[in-house]
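# Structural characterization, general
Listed below are the residues making up each chain.
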Amino acid sequence: MEIPVNGETEVYGIIGYPVRHSKSPQFQTGAFLSLKINAIYLPFEVKPENLEDAVKGIKALSIKGINITVPHKEEVVKYLDEVSEEVRYIGACNTIKNIDGYLKGYNTDAYGFIEGLKEILPDPYNKSFLVIGAGGASRAVLYGLIKEGVQKIVVANRTVEKIYEIIKDFKTLNRFVDQIIQPISLDQIEEKLGEVDVIVNTTSVGLKDEDPPLFNYSKIRKDHIVIDIIYKKTKLLQKAEEKGCLYQDGLPMLLYQGAKAFEIWTGQKAPIDFMKRILFKDFSSDF
Ligand code: ATR
(Lines give C-alpha, C1' and ligand atoms only; values in the text may rest on other atoms or scores of the structure.)
Protein backbone atom coordinates (compact mmCIF):
# COMPACT_ATOMS: atom_id res chain seq x y z
CA MET A 1 0.00 0.00 0.00
CA GLU A 2 1.36 3.44 -0.98
CA ILE A 3 0.71 6.07 1.69
CA PRO A 4 0.33 9.44 -0.07
CA VAL A 5 1.67 11.70 2.74
CA ASN A 6 5.15 12.19 4.16
CA GLY A 7 7.27 14.86 5.84
CA GLU A 8 7.32 17.01 2.71
CA THR A 9 3.59 17.00 2.08
CA GLU A 10 2.22 20.54 1.68
CA VAL A 11 -1.01 21.35 3.47
CA TYR A 12 -4.02 23.14 2.02
CA GLY A 13 -7.54 23.30 3.39
CA ILE A 14 -10.87 24.93 3.89
CA ILE A 15 -12.03 26.98 6.87
CA GLY A 16 -15.77 27.06 7.53
CA TYR A 17 -18.41 26.59 10.19
CA PRO A 18 -19.83 24.08 9.65
CA VAL A 19 -17.47 22.44 7.18
CA ARG A 20 -18.35 18.76 7.35
CA HIS A 21 -20.56 18.93 4.27
CA SER A 22 -17.75 20.37 2.13
CA LYS A 23 -16.93 18.57 -1.10
CA SER A 24 -13.65 20.47 -1.57
CA PRO A 25 -11.29 18.15 0.45
CA GLN A 26 -12.06 15.28 -1.87
CA PHE A 27 -11.83 17.01 -5.20
CA GLN A 28 -8.84 19.21 -4.30
CA THR A 29 -6.83 16.30 -2.82
CA GLY A 30 -7.86 14.30 -5.90
CA ALA A 31 -6.49 17.09 -8.11
CA PHE A 32 -3.13 17.04 -6.26
CA LEU A 33 -2.92 13.26 -6.55
CA SER A 34 -3.76 13.26 -10.23
CA LEU A 35 -0.92 15.72 -10.99
CA LYS A 36 1.45 13.93 -8.57
CA ILE A 37 1.78 17.04 -6.40
CA ASN A 38 2.79 16.11 -2.86
CA ALA A 39 -0.04 17.97 -1.09
CA ILE A 40 -3.20 17.35 0.88
CA TYR A 41 -6.35 19.43 1.40
CA LEU A 42 -8.16 19.21 4.74
CA PRO A 43 -11.35 20.55 6.36
CA PHE A 44 -10.88 22.94 9.32
CA GLU A 45 -13.96 23.69 11.37
CA VAL A 46 -13.42 27.16 12.85
CA LYS A 47 -15.95 28.97 15.02
CA PRO A 48 -16.44 32.69 14.27
CA GLU A 49 -14.72 33.74 17.52
CA ASN A 50 -11.59 31.80 16.48
CA LEU A 51 -11.26 33.10 12.94
CA GLU A 52 -8.44 35.57 13.65
CA ASP A 53 -6.39 32.89 15.43
CA ALA A 54 -7.07 30.47 12.60
CA VAL A 55 -5.75 32.98 10.04
CA LYS A 56 -2.62 33.52 12.16
CA GLY A 57 -2.35 29.74 12.20
CA ILE A 58 -2.11 29.67 8.40
CA LYS A 59 1.14 31.62 8.73
CA ALA A 60 2.39 29.82 11.85
CA LEU A 61 1.84 26.37 10.35
CA SER A 62 2.98 27.34 6.84
CA ILE A 63 -0.28 26.17 5.33
CA LYS A 64 0.13 26.94 1.63
CA GLY A 65 -3.41 27.79 0.68
CA ILE A 66 -6.85 28.01 2.21
CA ASN A 67 -10.41 28.28 0.99
CA ILE A 68 -12.80 30.23 3.14
CA THR A 69 -16.47 29.39 3.26
CA VAL A 70 -19.63 30.31 5.19
CA PRO A 71 -19.78 32.25 7.50
CA HIS A 72 -16.23 33.66 7.29
CA LYS A 73 -15.87 34.99 3.74
CA GLU A 74 -16.53 38.65 4.61
CA GLU A 75 -14.95 38.69 8.07
CA VAL A 76 -11.67 37.16 6.94
CA VAL A 77 -10.84 40.11 4.65
CA LYS A 78 -9.61 42.28 7.52
CA TYR A 79 -6.96 39.74 8.57
CA LEU A 80 -5.24 39.55 5.17
CA ASP A 81 -2.08 41.35 4.01
CA GLU A 82 -3.40 42.08 0.52
CA VAL A 83 -6.58 41.45 -1.44
CA SER A 84 -7.36 41.19 -5.16
CA GLU A 85 -9.63 43.55 -7.09
CA GLU A 86 -12.41 40.94 -6.97
CA VAL A 87 -12.27 40.81 -3.18
CA ARG A 88 -12.46 44.61 -2.98
CA TYR A 89 -15.60 44.77 -5.10
CA ILE A 90 -17.29 41.64 -3.80
CA GLY A 91 -16.33 42.33 -0.17
CA ALA A 92 -15.64 38.65 0.40
CA CYS A 93 -12.68 36.31 0.04
CA ASN A 94 -12.87 32.58 -0.64
CA THR A 95 -9.23 31.81 -1.44
CA ILE A 96 -6.01 32.68 0.40
CA LYS A 97 -2.51 32.10 -0.91
CA ASN A 98 0.30 32.05 1.64
CA ILE A 99 3.37 33.53 -0.05
CA ASP A 100 6.16 32.97 2.53
CA GLY A 101 4.05 34.30 5.38
CA TYR A 102 2.29 37.02 3.34
CA LEU A 103 -1.41 36.28 2.92
CA LYS A 104 -3.08 37.37 -0.31
CA GLY A 105 -6.85 37.02 -0.62
CA TYR A 106 -8.73 36.22 -3.83
CA ASN A 107 -12.34 35.62 -4.75
CA THR A 108 -12.80 32.86 -7.33
CA ASP A 109 -16.60 32.64 -6.99
CA ALA A 110 -17.26 35.14 -9.79
CA TYR A 111 -15.00 33.17 -12.13
CA GLY A 112 -16.62 29.93 -10.95
CA PHE A 113 -20.10 31.21 -11.68
CA ILE A 114 -19.21 32.51 -15.15
CA GLU A 115 -17.39 29.32 -16.19
CA GLY A 116 -20.34 27.23 -15.00
CA LEU A 117 -22.78 29.51 -16.80
CA LYS A 118 -20.80 29.16 -20.05
CA GLU A 119 -21.37 25.40 -19.99
CA ILE A 120 -25.03 26.07 -20.76
CA LEU A 121 -24.78 29.59 -22.24
CA PRO A 122 -21.46 30.14 -24.06
CA ASP A 123 -22.15 33.84 -24.87
CA PRO A 124 -23.87 35.41 -21.87
CA TYR A 125 -23.02 39.05 -22.70
CA ASN A 126 -26.05 39.69 -24.93
CA LYS A 127 -28.59 38.11 -22.58
CA SER A 128 -30.59 39.78 -19.83
CA PHE A 129 -30.56 38.41 -16.32
CA LEU A 130 -32.69 38.29 -13.22
CA VAL A 131 -30.46 37.82 -10.15
CA ILE A 132 -32.27 37.13 -6.89
CA GLY A 133 -30.38 38.12 -3.72
CA ALA A 134 -27.97 40.90 -2.77
CA GLY A 135 -25.57 39.19 -0.35
CA GLY A 136 -21.98 38.05 -0.87
CA ALA A 137 -22.87 35.36 -3.40
CA SER A 138 -24.96 37.81 -5.41
CA ARG A 139 -22.09 40.31 -5.46
CA ALA A 140 -19.80 37.63 -6.91
CA VAL A 141 -22.37 36.73 -9.59
CA LEU A 142 -22.99 40.42 -10.44
CA TYR A 143 -19.26 41.18 -10.58
CA GLY A 144 -18.80 38.27 -13.01
CA LEU A 145 -21.74 39.28 -15.21
CA ILE A 146 -20.68 42.94 -15.39
CA LYS A 147 -17.10 41.92 -16.26
CA GLU A 148 -18.53 39.72 -19.04
CA GLY A 149 -20.23 42.79 -20.49
CA VAL A 150 -23.83 41.90 -19.64
CA GLN A 151 -25.94 45.04 -20.22
CA LYS A 152 -29.16 44.29 -18.35
CA ILE A 153 -29.49 42.74 -14.90
CA VAL A 154 -32.70 42.96 -12.90
CA VAL A 155 -31.73 42.38 -9.25
CA ALA A 156 -34.46 41.35 -6.81
CA ASN A 157 -33.98 41.27 -3.06
CA ARG A 158 -36.06 41.17 0.11
CA THR A 159 -34.11 44.21 1.31
CA VAL A 160 -33.99 46.50 -1.73
CA GLU A 161 -31.53 48.98 -0.11
CA LYS A 162 -28.81 46.36 -0.34
CA ILE A 163 -29.06 46.47 -4.13
CA TYR A 164 -28.47 50.23 -4.07
CA GLU A 165 -25.35 49.60 -1.96
CA ILE A 166 -24.05 47.23 -4.62
CA ILE A 167 -24.71 49.80 -7.35
CA LYS A 168 -22.78 52.38 -5.34
CA ASP A 169 -19.88 50.00 -4.68
CA PHE A 170 -19.70 48.92 -8.35
CA LYS A 171 -19.67 52.46 -9.76
CA THR A 172 -15.90 52.38 -10.31
CA LEU A 173 -16.12 48.92 -11.86
CA ASN A 174 -18.49 50.19 -14.56
CA ARG A 175 -19.69 53.78 -14.59
CA PHE A 176 -22.95 52.72 -16.25
CA VAL A 177 -23.79 50.27 -13.47
CA ASP A 178 -26.88 52.23 -12.45
CA GLN A 179 -28.25 51.65 -15.95
CA ILE A 180 -27.23 47.98 -16.04
CA ILE A 181 -28.64 46.96 -12.64
CA GLN A 182 -32.38 47.49 -12.09
CA PRO A 183 -33.35 47.01 -8.43
CA ILE A 184 -36.73 45.45 -7.62
CA SER A 185 -38.39 43.84 -4.61
CA LEU A 186 -39.28 40.14 -4.55
CA ASP A 187 -42.96 40.82 -5.22
CA GLN A 188 -42.08 42.51 -8.53
CA ILE A 189 -40.29 39.45 -9.92
CA GLU A 190 -43.29 37.99 -11.77
CA GLU A 191 -43.95 41.16 -13.76
CA LYS A 192 -40.27 41.27 -14.87
CA LEU A 193 -39.98 37.64 -16.01
CA GLY A 194 -40.96 38.55 -19.57
CA GLU A 195 -37.91 40.85 -19.84
CA VAL A 196 -35.20 38.36 -18.86
CA ASP A 197 -33.52 35.35 -20.46
CA VAL A 198 -31.72 33.93 -17.43
CA ILE A 199 -32.92 33.56 -13.82
CA VAL A 200 -30.29 33.11 -11.08
CA ASN A 201 -31.05 32.40 -7.43
CA THR A 202 -28.18 33.42 -5.14
CA THR A 203 -30.16 33.32 -1.88
CA SER A 204 -30.28 30.39 0.50
CA VAL A 205 -34.02 30.04 -0.13
CA GLY A 206 -34.62 26.49 -1.38
CA LEU A 207 -31.92 24.89 0.72
CA LYS A 208 -34.65 23.46 2.91
CA ASP A 209 -37.51 21.70 1.12
CA GLU A 210 -40.07 23.51 3.27
CA ASP A 211 -38.83 26.98 2.22
CA PRO A 212 -41.64 28.98 0.63
CA PRO A 213 -40.86 29.90 -3.02
CA LEU A 214 -39.28 33.28 -3.87
CA PHE A 215 -42.02 33.88 -6.48
CA ASN A 216 -44.60 31.79 -8.30
CA TYR A 217 -42.33 29.33 -10.13
CA SER A 218 -45.19 28.32 -12.47
CA LYS A 219 -44.58 31.64 -14.26
CA ILE A 220 -41.21 30.41 -15.54
CA ARG A 221 -41.25 29.92 -19.33
CA LYS A 222 -39.67 27.08 -21.29
CA ASP A 223 -37.15 29.47 -22.89
CA HIS A 224 -35.82 30.74 -19.55
CA ILE A 225 -32.43 29.46 -18.46
CA VAL A 226 -32.55 28.83 -14.70
CA ILE A 227 -29.58 28.62 -12.32
CA ASP A 228 -29.65 27.99 -8.59
CA ILE A 229 -26.27 28.21 -6.87
CA ILE A 230 -27.48 25.79 -4.17
CA TYR A 231 -25.88 22.35 -4.71
CA LYS A 232 -29.10 20.42 -5.22
CA LYS A 233 -32.24 20.24 -7.30
CA THR A 234 -34.27 22.87 -5.46
CA LYS A 235 -37.97 23.48 -6.05
CA LEU A 236 -36.95 26.28 -8.43
CA LEU A 237 -34.90 23.81 -10.49
CA GLN A 238 -37.59 21.13 -10.30
CA LYS A 239 -40.04 23.58 -11.86
CA ALA A 240 -37.45 24.57 -14.49
CA GLU A 241 -37.03 20.90 -15.38
CA GLU A 242 -40.78 20.37 -15.51
CA LYS A 243 -41.11 23.29 -17.93
CA GLY A 244 -38.32 21.94 -20.14
CA CYS A 245 -35.88 24.80 -19.41
CA LEU A 246 -32.09 24.59 -19.55
CA TYR A 247 -31.05 24.66 -15.90
CA GLN A 248 -28.05 24.25 -13.61
CA ASP A 249 -27.42 23.74 -9.89
CA GLY A 250 -24.45 25.07 -7.90
CA LEU A 251 -22.01 22.25 -8.58
CA PRO A 252 -20.44 23.74 -11.74
CA MET A 253 -19.78 27.00 -9.86
CA LEU A 254 -18.24 24.97 -7.02
CA LEU A 255 -16.06 23.07 -9.47
CA TYR A 256 -14.73 26.09 -11.31
CA GLN A 257 -14.15 28.24 -8.21
CA GLY A 258 -12.10 25.32 -6.88
CA ALA A 259 -10.20 24.89 -10.13
CA LYS A 260 -9.28 28.58 -10.14
CA ALA A 261 -8.11 28.37 -6.50
CA PHE A 262 -5.98 25.35 -7.44
CA GLU A 263 -4.36 27.34 -10.25
CA ILE A 264 -3.69 30.34 -7.99
CA TRP A 265 -1.98 28.07 -5.46
CA THR A 266 0.01 25.78 -7.75
CA GLY A 267 0.51 27.81 -10.93
CA GLN A 268 -0.60 24.66 -12.78
CA LYS A 269 -3.69 24.08 -14.87
CA ALA A 270 -6.30 22.30 -12.78
CA PRO A 271 -7.24 18.77 -13.88
CA ILE A 272 -10.84 19.83 -14.48
CA ASP A 273 -12.17 16.58 -15.91
CA PHE A 274 -10.78 14.59 -13.01
CA MET A 275 -12.14 17.07 -10.45
CA LYS A 276 -15.49 16.98 -12.21
CA ARG A 277 -15.65 13.20 -12.03
CA ILE A 278 -14.92 13.28 -8.29
CA LEU A 279 -17.58 15.90 -7.72
CA PHE A 280 -20.16 14.08 -9.81
CA LYS A 281 -19.05 10.73 -8.36
CA ASP A 282 -18.25 9.17 -11.70
CA PHE A 283 -15.10 7.21 -10.99
CA SER A 284 -15.91 4.38 -13.38
CA SER A 285 -12.92 4.83 -15.66
CA ASP A 286 -10.34 5.46 -12.89
CA PHE A 287 -10.95 2.87 -10.20
P1 ATR B 1 -24.36 34.77 0.86
O2 ATR B 1 -22.95 35.13 1.19
O3 ATR B 1 -24.61 33.31 0.70
O4 ATR B 1 -24.88 35.56 -0.30
P5 ATR B 1 -25.70 36.57 2.66
O6 ATR B 1 -24.67 37.61 2.33
O7 ATR B 1 -26.14 36.37 4.06
O8 ATR B 1 -25.21 35.14 2.17
O9 ATR B 1 -26.99 36.88 1.73
C10 ATR B 1 -28.14 36.11 1.80
C11 ATR B 1 -29.12 36.56 0.71
O12 ATR B 1 -30.27 35.70 0.78
C13 ATR B 1 -29.65 37.96 0.89
O14 ATR B 1 -29.97 38.49 -0.38
C15 ATR B 1 -30.92 37.73 1.71
O16 ATR B 1 -31.88 38.75 1.61
P17 ATR B 1 -31.75 40.08 2.54
O18 ATR B 1 -30.66 40.89 1.92
O19 ATR B 1 -33.07 40.73 2.47
O20 ATR B 1 -31.40 39.59 3.93
C21 ATR B 1 -31.42 36.48 1.05
N22 ATR B 1 -32.33 35.72 1.92
C23 ATR B 1 -31.99 34.93 2.97
N24 ATR B 1 -33.09 34.39 3.53
C25 ATR B 1 -34.16 34.84 2.81
C26 ATR B 1 -35.57 34.63 2.88
N27 ATR B 1 -36.10 33.84 3.79
N28 ATR B 1 -36.35 35.25 1.96
C29 ATR B 1 -35.81 36.04 1.01
N30 ATR B 1 -34.49 36.28 0.89
C31 ATR B 1 -33.67 35.70 1.78
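What you see is a predicted model; the values in this text were computed from it and never measured.

The mixed open sheet is built from six strands, whose spatial order is β2-β1-β3-β5-β6-β4. One side of each edge strand has no neighbouring strand; the edge strands of this open sheet are β2 (39–45) and β4 (82–83). Pairing of strand β3 (residues 65–68) with strand β5 (residues 95–99), which is carried by three bridges, proceeds in the antiparallel orientation. When the sheet's bridge partners are listed, Asn-67 is paired in β5 with Thr-95.

Let us look at the nonpolar core. Inside soluble globular proteins, nonpolar side chains tend to come together where they are buried. Counting 36 residues, the largest nonpolar core has Phe-113, Phe-129, Val-131, Leu-145, Ile-153, Phe-170 and Ile-181 as its most contacted members. The element best represented in this core is helix α5 (residues 136–147), accounting for six residues. Aside from chain neighbours lying at most four places away, what touches Ile-181 is Leu-142, Ile-146, Ile-153, Val-155, Ile-163, Ile-166 and Ile-167. One finds Phe-32, Leu-251, Leu-255 and Leu-279 within the second-largest nonpolar core, a separate group that totals 25 residues.

So, on to the packing of helix α1 (residues 24–34) against helix α11 (residues 272–279). Contact geometry of α1 with α11 gives a least axis separation of 9 Å together with a crossing angle of 145 degrees. For α1 against α11, the interelement crossing comes out right-handed. Facing Gln-26, Phe-27, Gln-28, Gly-30, Ala-31 and Ser-34 of α1, the residues of α11 in contact are Phe-274, Met-275, Ile-278 and Leu-279. The class makeup of the residues in the contact of α1 with α11 is six nonpolar, four polar and no charged.

Next up on the list: the pairing of β2. The pairing of strand β1 (residues 10–16) with β2 spans seven bridges and is parallel. Following the sheet pairing, Ile-15 is matched in β2 by Phe-44. Crossover handedness for the path β1 to α1 to β2: right-handed.

So, on to the site of the ligand. Taken together, 13 residues form the shell around the ligand, and within it Ala-137, Asn-157, Arg-158, Thr-159 and Lys-162 come nearest. The separation between an oxygen atom of the ligand and a polar side-chain atom of Thr-159 is 2.4 Å. Relative to its unbound accessible surface of 640 Å², the ligand loses 66% to contact with the protein. Here the residues of the shell around the ligand sort into four nonpolar, seven polar and two charged.

So, how was this worked out
Position numbers for residues count from 1 along each chain, tracking the sequence in the order it is written. Totals for whole chains, interfaces and linings use every residue, but because this is a predicted model, local features are given only for residues with pLDDT of at least 70 and side-chain atom pairs only at 80 or more, for both listing and counting. Note that the side-chain values use all heavy atoms of the structure and ignore hydrogens as well as water. The pairing criterion is simple: DSSP has to find at least two bridges between the two strands. A run of DSSP states H or I qualifies as a helix once it reaches four residues; a run of E qualifies as a strand once it reaches two. Both are numbered from the N-terminal end. Among buried residues, the Ala, Val, Leu, Ile, Met, Phe, Trp, Tyr and Cys ones that are joined through side-chain atoms within 4.5 Å form a nonpolar core. A 1.4 Å probe rolled over the protein chains alone gives each residue an accessible area, and that area as a share of the maximum for its type sets the label: buried under 20%, exposed over 50%, partly exposed in between. Contacts are assigned to residue pairs with any non-hydrogen atoms lying within 4.5 Å of each other. The angle between two axes is taken between their N-to-C directions and runs from 0 to 180 degrees, where each axis is a line fitted to C-alpha atoms and a helix contributes only its stretch in contact. The hand of a helix crossing depends on one turn: near helix anticlockwise from the far one by less than a right angle means left-handed, and clockwise means right-handed. Ten residue types, Ala, Val, Leu, Ile, Met, Phe, Trp, Tyr, Cys and Pro, are classed as nonpolar, four, Asp, Glu, Lys and Arg, as charged, and the remainder, Gly among them, as polar. Crossover handedness is defined by viewing with both strands directed away from the observer: a clockwise path from the first strand over the helix to the second marks the crossover as right-handed. Whether a residue is near a molecule or strand is decided by its heavy atoms; if any one of them lies within 4 Å of it, the residue is near. Polar contacts, as used here, are pairs of N or O atoms within 3.5 Å; protein pairs need one atom able to donate a hydrogen and one able to accept it. Residues neighboring in sequence count only if both atoms are side-chain atoms. Surface accessibility follows the Shrake-Rupley procedure with a 1.4 Å probe radius. Residue values consider only the protein chains on display as shielding.

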